[in-house]
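Architecture and fold: a report
Residues per chain are reported as follows:
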Amino acid sequence: MTTAHAKGNVIGVFSRSAGRSDDAADRALHLVLASLEDSKAEDIVTINIAGKSALGDYMVVVSGRSNRHVMAIADHLISDMKDEGLGNARVEGLEAGDWVLIDTGDIIVHVFRPEIREFYNIERMWAAPEMEDGTVH
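Residues numbered from 1 in each chain as written. Predicted model: local features only at pLDDT ≥ 70, side-chain atom pairs only at ≥ 80, totals over all residues. Heavy atoms only, no water.

Looking up the chain in an unreviewed UniProt entry gives the name Ribosomal silencing factor RsfS, with the organism given as Shinella curvata. Recorded under Subunit (unreviewed entry), the UniProt text for the chain is reproduced unchanged: "Interacts with ribosomal protein uL14 (rplN)." As its UniProt record puts it under Function (unreviewed entry), the chain is described as follows: "Functions as a ribosomal silencing factor. Interacts with ribosomal protein uL14 (rplN), blocking formation of intersubunit bridge B8. Prevents association of the 30S and 50S ribosomal subunits and the formation of functional ribosomes, thus repressing translation." (UniProt positions renumbered as here; feature names shortened; annotations may be inferred.)

1. Thoughts on the overall build of the chain
Scanning the chain from N- to C-terminus turns up 4 helices and 6 strands. Traced from its N-terminal end to its C-terminal end, the chain shows the element sequence β-α-β-β-α-β-β-β-α-α. Looking at the 137 residues of the chain, the share that counts as buried comes to 41%. For the chain, the proportion of contacts with a sequence separation of at least 24, taken over those separated by at least 6, is 58%. For the chain, the accessible surface area stands at approximately 8000 Å², while carbon and sulfur atoms represent 51% of it. (Helix = DSSP H or I, 4+ residues; strand = E, 2+ residues; numbered from the N terminus. Buried < 20%, exposed > 50% of the residue type's maximum accessible area, 1.4 Å probe, protein only. Contact = heavy atoms within 4.5 Å. Areas by Shrake-Rupley, 256 points an atom, 1.4 Å probe, with all protein chains shown as cover.)

2. Thoughts on unusual backbone geometry
Positive phi, close to 65°, is recorded for Lys-40, a residue that is not glycine. Examined against the element boundaries, Lys-40 turns out to sit in the loop between helix 1 (23-38) and strand 2 (42-48). Despite not being glycine, Asn-121 has its phi angle at roughly 45°, a positive value.

3. Considering the packing of aromatic side chains
Applying the stated criterion to the full structure yields 3 aromatic pairs. With a centroid separation of 5.0 Å and an interplanar angle of 90°, the aromatic rings of Phe-119 and Tyr-120 are classed as edge-to-face. Among the aromatic residues, those joined into a cluster by ring pairs are Trp-99, Phe-112, Phe-119 and Tyr-120. (Phe/Tyr/Trp six-rings, centres within 6.5 Å; stacked < 30°, edge-to-face > 60°.)

4. Let's talk about the packing of helix 1 against helix 2 (residues 67-83)
Contact geometry for helix 1 and helix 2: axes closest at 9 Å, N-to-C directions at 140°. Comparing their axes, helix 2 and helix 1 come out oblique. At the point where helix 1 passes helix 2, the crossing takes the right-handed sense. Along its contact with helix 1, which presents Leu-31, Val-32, Ser-35, Leu-36 and Asp-38, the element helix 2 presents Ile-73, His-76, Leu-77, Asp-80 and Met-81. Classifying every residue of the contact of helix 1 with helix 2 gives 6 nonpolar, 2 polar and 2 charged. (Axes fitted to C-alpha atoms, helices over the stretch in contact; angles between N-to-C directions. Parallel < 35°, antiparallel > 145°, perpendicular 65-115°, else oblique. Left-handed = near helix turned anticlockwise from the far one by under 90°. Nonpolar A, V, L, I, M, F, W, Y, C, P; charged D, E, K, R; others polar.)

5. Some thoughts on helix 2
Taking 1.5 Å of rise per residue, the 17 residues of helix 2 would be expected to cover 24 Å, and the 24 Å separating its terminal C-alpha atoms lies within 8% of that figure. Within the span of helix 2, buried status applies to His-69, Val-70, Ile-73, Ala-74, Leu-77, Ile-78, Asp-80 and Met-81. The buried residues of helix 2 occupy one face: seen down the axis, they fall within an arc of 170°. Seen from the buried face of helix 2, the exposed residues on the opposite side, beyond 90 degrees, are Arg-68, Lys-82 and Asp-83. If you follow the buried residues of helix 2, they end up packed against helix 1, strand 3 (58-63), strand 4 (90-92), strand 5 (99-103) and strand 6 (107-112). (Expected span 1.5 Å × (residues − 1). Arc of directions from axis to C-beta.)

Below, the structure written as C-alpha cells:
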C-alpha cells in the first residue's frame, strides 16, 4: 500500500500486519511524520516492520539536503518527541550529520544525506520479499 501525506513527499508505506493494532505506535508515528514534514524532510518512507523484527513497529527513512539540514531535522524531531512525552529516544550520529538514527522503541527513524541514503539503501533491504522456508537461491 502506498500513501502520500498532505505535502506529497512520502514515497511509500508498507502496510501493517493483518490483525495488529498498536495505538501508541500509530500515534507516535503520526507525531514523527508531522515533525518530519514540518522540518521539510524529503523522500519520507515509512516501513512497517512489526512482526518482521524485534526492533520496533515502524522504520521511517528520510533525507535532508545537507549535513546542517539533517541535524536540524533530527533536533526538531527530538524536541517534538520530548514535548509529547516521548523523550527517551536513543540518538546516534547527530554530531556528524551524515546519518542520524533516532530509536524511540516503537519507531526507528533514519535521517540521511541523499548520497549516504543511496549508498546504504535501507528501504530496499526491508522491502525485500520474504523467503519461504526451504527456498534458497
